[in-house]
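Here is what each chain is made of, one letter per residue.
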Amino acid sequence: MKGILTVCSKPMYIIFKRSGWQNQVETIGNSERNEPVYLLRLAINIESQANIIKYIRRYYYCDASFLKKWPVYL
């Protein structure tokens, strides 16, 4: 899967899951506070883009064509 590798906390991982962004957990480690840290691969594809746009538009009004431009600068 083509994607972006990122390291994130459990709360951020939950946000990614809820957004509909397709992701794959590569590994789970521990932070200095002994909390879980996730190495994720976030998919770069049309389906993930559509899911994220749908998620954003539930909470904010904006033109979908604007959000289809990658990367999005606000």
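Everything here concerns the structure above.
Keep in mind the model is a prediction, meaning the values are calculated, not measured.

So, how was this worked out
- Residues numbered from 1 in each chain as written.
- Predicted model: local features only at pLDDT ≥ 70, side-chain atom pairs only at ≥ 80, totals over all residues.
- Heavy atoms only, no water.
- Core = buried A, V, L, I, M, F, W, Y, C linked by side-chain atoms within 4.5 Å.
- Buried < 20%, exposed > 50% of the residue type's maximum accessible area, 1.4 Å probe, protein only.
- Helix = DSSP H or I, 4+ residues; strand = E, 2+ residues; numbered from the N terminus.
- Pairing = 2+ DSSP bridges.

Caption draft 1: Structural context of the nonpolar core. C8, Y13, F16, W21, Y38, L40, L42 and I52 form the largest nonpolar core, which has eight residues in total. Elements supplying a minimum of two residues to this core: α1 (10–19) and β3 (36–43). A per-element tally of this core places β3 first, with three residues.

Caption draft 2: Here's a closer look at the pairing of strand β2 (residues 23–30). Here β2 runs beside β3; their pairing, made up of seven bridges, is antiparallel. For T27, the partnering residue across the bridge sits in β3 and is L39.

Caption draft 3: Region of interest: the side chain of Q49. Of note, Q49 is situated in helix α2 (residues 46–59). Looking at Q49, the relative accessible area reads 9%, which means it is buried.

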